Each structure stands twice: as structure tokens, then as C-alpha cells.
Amino acid sequence: MAKASSGTVNPHGHSGVRIVVAGDQGTGKSSLIITAAAENFPINVPHILPPTRLPEDLYPDRVPITIIDTSSRSEDSDKVAEELQRADTVVLTYACDRPETLENLSTFWLPHLRKLEVKVPVIVVGCKLDLRDENQQVSLEQVMSPIMQQFREIETCIECSASRHIQIPEVFYYAQKAVLHPTAPLFDQESQTLKPRCVRALKRIFILCDHDRDGALSDAELNDFQVKCFNAPLQPSEIVGVKKVVQEKLSEGVNERGLTLTGFLFLHALFIEKGRLETTWTVLRKFGYNDEIKLADDLIPPLKLAPDQSVELTNEALDFLKAIFDAFDGDGDGMLRPRELEELFSTAPESPWTGTLYENAAEKNAFGGLSLDAFLSEWALMTLLNPTFSLENLIYIGYLGDPSSAIRVTRRRRLDRKKQRSERNVLQCFVFGPRNAGKSALLNSFIGRPYSENSNPTTEDRYAVNIVDISMENKKYLVLREIPEDGVRNMLSNKESLASCDIAVFVHDRSDESSWRASSELLVEIAGHGEDTGFEVPCLIVATKDDLDSFPMAIQESTRVSQDMGVEAPIPISVKLGDFNSLFRRIVTAAEHPHLSIPETEAGRSRKQYHRLINRSLMVVSVGAAVAVVGLAAYRVYASRKNSSG
């Protein structure tokens, strides 16, 4: 299963490997480089070598290697630091006959790399092996084990002799290998286990290769996998041998149907433990993974969006998600519990819905389970906010269609207003209002959370998403985005901040006059920003806490303002009593007709009147000019006729 093909040229996406050699003075840096390049030990070694290129065909990966020598003089420390920060991998040298140079690796060089934030693999090389005192023979493992425990960035340790030509090519082979086939993303040296992201990627690959979905790779499937990854089939005896190796160590690694997932993971752990990381990396890269064990960028189609466009999942993608939901709803209760959801995303690098952004955005039952509507709502939100991330996760969980068939880019909102109709299936509503106006309570009620008297001020944007049924045929995903009062000023510093908004809601506590005043100021500010930038949005006013005594003046004032600005009268609701006055349907309906309910400020009205006046004046001037031209033409005709008759 590890029979690598020959003749594959640079499959890693690396145009070259830059190796920087550093260490104490006199540790053999330059001699090491010259001997590797010229295959001869130098008699006279210059103080510092120019960049040295090794032949491309020196190692099987055929990736160009450039070796950078560095000075050990203190006055050159800035130049050395610059080179280290540009390195793909660092070779640190010590002299086997000078123990203090080995000690300096852990007291100076390795801490220095961390201080410079050089986050690349490190190869520790003991030079001048032939000069070591025969009375002080200590195993390399014994010497390096404590240092490698402390500095996990050390990939490999090796000792060599330039004068005796001992293990010189191996030094730069390991250095190149550390870049092309790094250990750190795959394997945890401390626990001696595959890292979670590696396990998840290999699990996805196993499932993709298990064509009959019986939970095991048959001999035929194992052979197909081998051909895909290594361009060479396995002989029947080799397949028997692979399974025998697994079964001897792990009885559950093979069953009557073939190699199980457990056995597949065991094999890769075995390859890595034996230093054959290129085998696992070849498999990962054949299935589109990059060095971070995520799908390579070129597998996701690039998206070009205007600021007022959004991205939605197509019916094809939604049908796939519905089938996935049913497949992972193990107990058939119509809900995905946290354990089932974790299993669903077990082939993605991580579960995409961890963290408050998505974790608290959809309706859940008492056990933290998601219904189908809530599951699809989460996907609608993720696609709206980060379409590339959503597309990646669709592929991770098994979407096999063309990635571009899973998403569609919506029409521009500006065009929607001209057409007087929005065709979006996912509508985003910005929720504005002062503190304690009831914004968070509104979002909580939208996703089925019980009302609470306790108020915790929201300090960051928060989302809630659910499906709103307008009719049997018309169902929309509505995303409520709560904008904290303190965040409005920062939001409006961006000219395009309202471009992604389908409708804005302005919430105030109708029992608090100051709440209405603050909310009306926000309404004027947001409406003015829309007029100034060309991203006008429909607006609704929501009067919360209808269960409390209201201030008549506030009601009259809010009604007057709504009439003056040309928007619907305030909608009274009571979250506490569960009386929402069809608010969410009204939000969707207003968003579907984006030419209506757009507020007009005094400044905006004056601007429109000014433009009308200018246009009217231009029209009068145009008509006058036309009359003058016609009159002049008529006069010329008359004069011409008069002259001819005379």
C-alpha cells in the first residue's frame, strides 16, 4: 500500500525549498554545504558561502533546494535573523568534538528562533563526527531526547562527517523532507498518536474509497486506492501481506469484508512511526489536502460578489443536506443530537459550528438537538456569512457534485429595488436599538428560547436564524443580526455596511420615552447613511414590552416620525406574553418588497427636491433651446425663399 510511483515531478506545490544553516562559529556549516554540493571535502573553506543550489535530481521529490550559509559574527546577527525568517527549514549545527556548541543549541539558538517567530521545522546536525573523543561515546538519542522534549519544532537529529563523507546527503534530504512531508500536522510526538485533523482527513478518504459503503475496504477497493494514490496496483500477495500486518497488531483492523477504518488509520500511524511520512502525505495530497490538512484553495471556485449580493445554497445542495440529516439521525427522532452532529462533521477538520457565532444561532431542543429546519438554517447562515467555508464543509461531509452547483449568487439588492421584488431565499435583518430595548429577547424568542427578565447587554454582533413560513409555497430563511448600540458608529464608518442588509428593524421599549428617542435617532442615522451611500434599506419600527404601561407621548411621537419618514407605524409586541403581532412574517414581507418601507430623512427629501428642481430647470432650458433652434431654422427657410422670389 506504500509503493510510491516513480517519475512524479514536484507534486507538493513547492517551487523550491530554502534551507538556512546556522550555528556557532567553527561547527562546520560551510564544510557541510560544500561537501553536499561538490561531493568533495574542501581544503580551504571561505568565511561564508554564497547561496548554493543542489541538483534537482539529487532526491526523489525533484524539488529544487537552495542552501543559505550564515555568518557567526555578532555584527552580522541582523542579516542572520533576516535569513532565518525567510527559511523553509533551518539546519542548526554543533560540533561533535565541542560539547559547549551542543549546549548552545538549547540555551541560545532554539530560543532565538522562537524569539524571531521562525515557525519552520528544525534539523539538528552534529558535524565533525570523526573528531569525537572515543572515550565519550554517547548515543544520539540519549543526548537529544531531553532537547527534543523541550523544543518540539526539532524534526530530526543526525550526525555526520564532511571529511569522511558520512551522512552528508542525508542531512539535506531530511531537511527537504521536513518541508515537503512535515511531521507536525500529522503526528503528536508526545502521545505517539495521529493528530485529530489527520484522523478526520483519513476518515473522509476511507469513506470516499469505500464505494459499497460496507465499512471496509475490499481487496478491489484497496487496489483502486493504491492506483489512485501511487499509480501502481497491488499484487494479490501484497494485499494479503498488508492485511496480515494489520491483523497481527490489531484484530479489529480487518474483518471478513476487508480493511476497516481502524486498520486504515493504524497503517498510516505505522508508516509515520517508521519515518515514511511521504506515504501519508501522498495520500492526503491526492485527495486535495494542503500542508494544513485542509482542502487546497484551488478546489473551491472563487466567488466574485458585489457588496449588495449574497450567496445561497441551491436546491441540489439542500437535497444533499436533507439526505445527510436522515443518514445521521440514528434514532430516527427527527433531531440531530450533539453526538450525531459531531459524527456528521467527523470528516471535516473541525466542527464548523463550535463557538458562539453558530452554536447559539439556531433553535435547539432541551438536549441541544437540531431539527431539520434548524440544521438547514445553520447552513443558510454559514453560507450567507462565509460561503467559501460553507462550500468547504459541504465537500468535507461528502458532497460529490461540482462545487459551483451547490451555491448561487443572488441578484444585486439595488436591482431588486428597481424590480420591486426580492427573489432571495435567505434574508438578513439588522436589529438596531438602545440598551434594554429588547433586542436580545427578540432574537431569543425567534429561536424558541424562553423569556428571561435578566438582561445581559450584547457587546458583539449576534445572529439568530430560523425558517419563516409565509405560505405553503413560500418559506424563507430569516437571519436576525443584533447590532449593539455601541457598535453602530464603527459599523457606519464602512461605506458598504448596509449593502448586506435586506431590512432593518428599530427596536424601542414603548414604556420608556428615552428608549424611543435613542431608537429614532438611530433610525435617522441609518436612513441617512443609506441615502448617502446608495444602499437604502426598508425599515420597520418595533415597540417592545407591550405588556407594560406605555408613555402616550412616545406613542404619538413614534407614529408621527414613522408617517414623516414614510414607513409603517410602530409594531407593538410583547416577548414576555409571546405576542409578536406576526412580526417575523411582516419582516420577511417587507424585505420581499424592497422598494417599499424605505425611510426618507429631511436631508434626503431636500436632496431629492433639489435634484427635481435642477432636472426641471434643465428641461426648461432644453425646451427653450429647442424652440430657439426651430425658430432660427424657420427664419432661415423664410429668408431663403424671400431672396429666391426677389
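Residues numbered from 1 in each chain as written. Predicted model: local features only at pLDDT ≥ 70, side-chain atom pairs only at ≥ 80, totals over all residues. Heavy atoms only, no water.

As annotated in an unreviewed UniProt entry, the protein carries the name Mitochondrial Rho GTPase and is attributed to Lupinus luteus. The UniProt entry for the protein carries the following comment under Sequence similarities (unreviewed entry): "Belongs to the mitochondrial Rho GTPase family." According to UniProt, the comment filed for the protein under the heading Subcellular location (unreviewed entry) is "Mitochondrion outer membrane". (UniProt positions renumbered as here; feature names shortened; annotations may be inferred.)

Chemist: So, the sheet that holds strand β11 (residues 258-260): which residues are in play, and what are the values?
Modeler: With antiparallel pairing, the 3 strands of this open sheet are ordered in space as β9-β11-β10. A single partner strand is all that each edge strand has here, and the edge strands are β9 (216-217) and β10 (254-255). Here β10 pairs with β11 via 2 bridges, running antiparallel. Looking at the pairing, asparagine 255 lines up with glycine 258 of β11. With respect to the sheet, helix α9 (residues 261-273) is in contact with β9 and β11, its orientation differing from that of β11 by roughly 75°. (Pairing = 2+ DSSP bridges. Helix = DSSP H or I, 4+ residues; strand = E, 2+ residues; numbered from the N terminus. Contact = heavy atoms within 4.5 Å. Axes fitted to C-alpha atoms, helices over the stretch in contact; angles between N-to-C directions.)

Chemist: So, the environment of threonine 356: which residues are in play, and what are the values?
Modeler: Inspection of the secondary structure assignment puts threonine 356 in helix α13 (residues 356-359). Residue classification places threonine 356 among the exposed positions, given a relative accessible area of 62%. Through-space distance from the C-alpha of threonine 356 to that of leucine 261 is 32 Å; in sequence the pair is 95 residues apart. (Buried < 20%, exposed > 50% of the residue type's maximum accessible area, 1.4 Å probe, protein only.)

Chemist: Please give an account of the sheet that holds strand β19 (residues 503-509) that cites residues and values.
Modeler: Spatially, 6 strands are ordered β17-β18-β16-β19-β20-β21 in an open sheet, and the strand pairing comes out mixed. One side of each edge strand has no neighbouring strand; the edge strands of this open sheet are β17 (462-469) and β21 (571-572). Two elements, β19 and strand β20 (residues 539-544), share 6 bridges in a ladder whose sense is parallel. Of the residues in β20, the one forming a bridge with valine 505 is leucine 540. Across the face of the sheet, helix α17 (residues 439-446) comes into contact with β16 (426-432), β17, β18 (475-482) and β19 while running at roughly 45° to β17.

Chemist: Quick rundown of unusual backbone geometry? Include the residues and the values.
Modeler: Positioned with a positive phi, histidine 165 is a non-glycine residue whose angle comes to about 55°. Residue classification places histidine 165 among the partly exposed positions, given a relative accessible area of 42%. One non-glycine residue, glutamine 167, lies in the positive phi region at around 55°.

Chemist: Residue-level account of the UniProt feature "domain: Miro" (unreviewed entry) in the protein, with values.
Modeler: The feature "domain: Miro" (unreviewed entry), as annotated in UniProt, sits at residues 14-181 and 424-593 in this numbering. Structurally, residues 424-593 is divided into 34% helix and 22% strand, and its ends, taken at the C-alpha atoms, are 11 Å apart.

Chemist: Residue-level account of the packing of aromatic side chains, with values.
Modeler: Within this structure, the stated rule accounts for 16 aromatic pairs. Ring plane angle 35° and centroid distance 5.7 Å describe the contact between phenylalanine 580 and phenylalanine 584, whose orientation is recorded as tilted. With respect to class, phenylalanine 580 is no different from phenylalanine 584; both count as buried. (Phe/Tyr/Trp six-rings, centres within 6.5 Å; stacked < 30°, edge-to-face > 60°.)

Chemist: Can you explain the packing of helix α19 (residues 513-533) against helix α20 (residues 552-565)? Please cite residues and give values.
Modeler: Where α19 meets α20, the closest approach of the two axes is 9 Å, and the angle between their N-to-C directions is 10°. Here α19 is positioned roughly parallel relative to α20, judged by the angle of their axes. Of α20, the residues touching α19 (which contributes Glu513, Trp516, Leu523, Val524 and Ala527) are Met553, Ala554, Glu557, Ser558, Val561 and Met565. Each residue belonging to the contact of α19 with α20 can be placed in one class, and the counts come to 8 nonpolar, 1 polar and 2 charged. (Parallel < 35°, antiparallel > 145°, perpendicular 65-115°, else oblique. Nonpolar A, V, L, I, M, F, W, Y, C, P; charged D, E, K, R; others polar.)

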